[in-house]
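Structural features, examined
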Amino acid sequence: MTGSTTRSTSRNAERGRAGAAAVLAVLTVATATAGCKAQAAGSAPAASSSPRATATDDGKPASPPSSPIASPSSAPPTATASPTPKPDPQGTTLMASGSEGKKVRELQARLRQIGHFDRSPTGYYGTVTVAAVQSFQGKRGLTRTGRADTLTWQKLLGMTHEPTAAELNPPTTRQVAKPDKRCMTGRVLCISKNSRTLSWMIDGKVMSSMDVRFGSQYTPTREGTFSVYWKSRHHVSSIYHTAMPYAMFFSGGQAVHYSADFAARGYNGASHGCVNVRDEGKIASLFAQVKNGDKVVVHG
């Protein structure tokens, strides 16, 4: 009886120890796998239980969208305002290189009144006008831009008077030479190399005069008595491929014609032998009056 009881007790103890071991094993496995929850690739790790966690930890700022969240250890962000462009102290540009028209002619006439423009107004804003404006600006303590801006124009108006018709459209920039005796009869284009002028004359009377420019020493304008044999309003040189508006041919390929280069650069350049006119309005009027057969006299 006693032996049977002892064996029974021993079996119960073994069962108890086995049960306890099984429970311990389950607890051990559960503890080891507690931090291994699967998460999708690229997803954020689980939120920490640290008291620093806030609703903005996902990177979305709580304040204005453009302002980053400052960490406790970082300095507060400094607001930077975008620079505001400074206005030109001399104001808006009214005229500049390449401009043309009545206002440019007035500008040139006013500059001429006070000695900054040494020729007749042309109405074209070329390099000579740029230099004249720079000269005026330099003398008045302005930035030498060469552009006729608001301040430059206001100062010029204050120092000059409104140009007269003769100041706006003088016959030439130079004194017209005494006509050659060959120019005193008939219809004649009387051209003087010495005075650099052309006078349109009828029976000894000067009808109009204008500035002209001649060929260089390598391509001189021929002197002598000729006659107009061909007129071409929109002519383009077949040799140099340059425009020769209002061309009136008098000796081979040499002609009297308008020159945009002469209007822009003045006597800093030269022709290839032609007689250049820089006032387009004047040569347009002349072209309408001259006829084939009219005389041309080119003299020194």
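Below: a short report on this structure.

What counts, and at which threshold
- Residues numbered from 1 in each chain as written.
- Predicted model: local features only at pLDDT ≥ 70, side-chain atom pairs only at ≥ 80, totals over all residues.
- Heavy atoms only, no water.
- Helix = DSSP H or I, 4+ residues; strand = E, 2+ residues; numbered from the N terminus.
- Buried < 20%, exposed > 50% of the residue type's maximum accessible area, 1.4 Å probe, protein only.
- Contact = heavy atoms within 4.5 Å.
- Areas by Shrake-Rupley, 256 points an atom, 1.4 Å probe, with all protein chains shown as cover.
- Salt bridge = Lys/Arg side-chain N within 4 Å of Asp/Glu carboxyl O.
- Polar contact = N/O pair within 3.5 Å; in protein donor to acceptor, adjacent residues only side chain to side chain.
- Pairing = 2+ DSSP bridges.
- Axes fitted to C-alpha atoms, helices over the stretch in contact; angles between N-to-C directions.

**Considerations on the overall build of the protein chain**
Summing up its helical and strand segments, the protein chain has seven helices and 11 strands in all. Looking at the protein chain as a whole, 34% of its 300 residues are labelled buried. The long-range fraction of contacts in the protein chain, counting pairs at least 24 apart against all pairs at least 6 apart in sequence, stands at 55%. Entry remark: accessible area of the protein chain is about 18,200 Å², with carbon and sulfur atoms responsible for 57%.

**Remarks on the pattern of salt bridges**
All told, the structure shown has eight salt bridges when counted by the stated rule. Taking the shortest distance from any N to any O, the salt bridge between Arg110 and Glu106 comes out at 2.9 Å. Separated by four residues within a single helix, Arg110 and Glu106 lie in helix 2 (residues 102-113), roughly one turn from each other. Judged on exposure class, the residue Arg110 and its partner Glu106 are both buried. Across the pair Lys193 and Glu223 runs a salt bridge whose closest N-O atoms are separated by 3.5 Å. Of the two residues, Lys193 is situated in the loop between strand 3 (187-192) and strand 4 (197-202) and Glu223 in the loop between strand 5 (205-213) and strand 6 (224-227); the sequence distance between them amounts to 30 residues. On the basis of relative accessible area, Lys193 is assigned to the partly exposed category, the value being 23%. Taken together, the shared-partner salt bridges connect Lys103, Glu106 and Arg110 into one network.

**Focus: the environment of Arg213**
Inspection of the secondary structure puts Arg213 in strand 5. Between the alpha carbons of Arg213 and Ser271 there is a distance of 7.0 Å; along the sequence they are 58 residues apart. For Arg213, the side chain forms a polar contact with the side chain of Asp261, separated by 3.1 Å.

**Brief notes about the sheet that holds strand 5**
The strand order 6-11-3-4-5-10-9-8-7 describes an open sheet built from nine strands, whose pairing is mixed. For this open sheet the edge positions go to strand 6 and strand 7 (230-236), each flanked by a neighbour on one side alone. Recorded for the sheet is a direction-independent mean angle of 30° between the axes of neighbouring strands.

**So, the pairing of strand 3**
For strand 3, the buried fraction is high: five of the six residues fall into the buried class. Turn length for the strand 3-strand 4 hairpin, with the two strands adjacent in sequence and antiparallel, is four residues, and the turn residue Arg196 shows positive phi of about 55°. Pairing of strand 3 with strand 11 (residues 295-299), which is carried by five bridges, proceeds in the parallel orientation. Bridging from a neighbouring strand, Leu189 pairs with Val296 of strand 11.

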